[in-house]
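Structure at a glance
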Amino acid sequence: HVYHTVIKSNGPQGVSGHHCYFHYCYFPLGSVQVGMDSCIVDSLVSSDWLNIGGSGSIFKYVTATQHVYISGSSTYNYFTIGGNANLNGANNFKYIRMDKDVIVNGSHTFDSLNFNNPGHTITLENGTTQTINNELLLNGTCSQLTNFVSNASGTQAIIKKTSGTITVSYLLMQDINATGGASFIANNSITVSNVTGWTINSPAAQNLYWVGGAGNWNDANHWAISSGGSGGSCVPSPNDNVFFDSN
């Protein structure tokens, strides 16, 4: 089957096919269920909840601004996800960028994997292997550490790359193993437990002072490097010393 353009404007939507070709699919409103087996999709754009399943398909360009759930075993050439992401099955991603919380179940292959989500949590299924062919971009900030963990305390998930160097920063890590032959470096990062295969360069301990009255612990504007100083420093990590005084 050949479908040149599919545009649906509202309400829950469903698109499916077998040995098919879609040129352009646009869903500005309403959740979308996509089931494709052995299909080619040139472009898929969704502004709401997106669920993609099926196997043996090639998605050349996909962008979604809300939550995405992926299952099956297909190839995605370019994929950006603005909401939370849940990856399942055994897929092949040439490039994928995810901006919020991420759950990864099953073992997948990535040419370029970009976690653009400081302060969020990336949870990998224990016992699975995520294979990186080219690059892994995974960086929090000093005020928003990214959590990088297995879904089962005490049981590792695996990141694999055969050569080169992967460098990440500002992570809070637990139950993650790096393997395959590449060098894995985590700068300004903290391990909770059971992290292997990484060179961990922990941040230097700081003295941080609460300023600016009542507020949220995770608000960097309430932390200063001197008593009564200007806020905007890093949010305290487990390595830091914190002080609450009259200033």
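Note that the structure is predicted; figures quoted are calculated from it, not measured.

Scanning all chains against the criterion turns up two disulfides. One disulfide in the model links C142 with C234; its S-S distance is 2.2 Å. As the torsion about the S-S bond is roughly -95°, the C142-C234 disulfide counts as left-handed. Of this pair, C142 sits in the loop between strand 17 (129–138) and strand 18 (146–150) while C234 sits in the loop between strand 27 (223–224) and strand 28 (241–243), and the two are 92 residues apart along the sequence.

In this section: the pattern of salt bridges. For the coordinates displayed, the defined rule picks out two salt bridges. For the salt bridge of D42 with K60, the shortest nitrogen-to-oxygen distance reads 3.4 Å. Remark: K60 occurs in the loop between strand 7 (55–59) and strand 8 (62–64) and D42 occurs in strand 5 (residues 40–46); sequence separation between them is 18 residues. According to the relative accessible area criterion, D42 is buried, its value standing at 17%. A salt bridge links R97 to D99; the shortest N-O distance between them is 2.9 Å.

Turning next to the nonpolar core. Note on soluble globular proteins: their nonpolar side chains tend to be buried together. Ranked by size, the top nonpolar core spans 49 residues in total, and within it L44, F79 and F148 carry the most contacts. Among residues more than four places away in sequence, those in contact with L44 are C25, F27, V34, L50, I52, F59, Y61, V62 and T63. Grouped together as the second largest cluster of nonpolar side chains are five residues, L208, A220, W223 and V235 included.

The three strands lie next to each other as 20-23-25, forming an open sheet whose pairing is parallel. Here the strands that pair on one side only, and so sit at the sheet edges, are strand 20 (165–169) and strand 25 (199–201). Each adjacent strand pair in this sheet contributes to an overall mean axis angle of 15°, direction not counted. Bridge count between strand 20 and strand 23 (residues 183–187): five bridges; the pairing is parallel. Counted as the bridge partner of V168 is A186 from strand 23.

In total, this model carries 14 aromatic pairs according to the counting rule given. Aromatic side chains Y24 and Y26 sit 6.3 Å apart centroid to centroid with 20° between the ring planes, which places their arrangement in the stacked category. With a centroid separation of 4.9 Å and an interplanar angle of 70°, the aromatic rings of W217 and W223 are classed as edge-to-face. The class of W217 is partly exposed, set by a relative accessible area of 39%. Each member of the aromatic cluster is reached from another via a ring pair, and the members are F59, Y76, F79, F93 and F110.

Examined bridge by bridge, strand 14 (residues 102–104) and strand 16 (residues 121–124) share three bridges and lie parallel to one another. Paired with I103 across the bridge in strand 16 is T123. Inspection of the sheet shows strand 16 paired to strand 18 by four bridges, in the parallel sense. Its bridge partner being in strand 18, I122 is matched across the sheet by F148.

The rules we used
Residues numbered from 1 in each chain as written. Predicted model: local features only at pLDDT ≥ 70, side-chain atom pairs only at ≥ 80, totals over all residues. Heavy atoms only, no water. Disulfide = S-S within 2.5 Å. Helix = DSSP H or I, 4+ residues; strand = E, 2+ residues; numbered from the N terminus. Salt bridge = Lys/Arg side-chain N within 4 Å of Asp/Glu carboxyl O. Buried < 20%, exposed > 50% of the residue type's maximum accessible area, 1.4 Å probe, protein only. Core = buried A, V, L, I, M, F, W, Y, C linked by side-chain atoms within 4.5 Å. Contact = heavy atoms within 4.5 Å. Pairing = 2+ DSSP bridges. Axes fitted to C-alpha atoms, helices over the stretch in contact; angles between N-to-C directions. Phe/Tyr/Trp six-rings, centres within 6.5 Å; stacked < 30°, edge-to-face > 60°.

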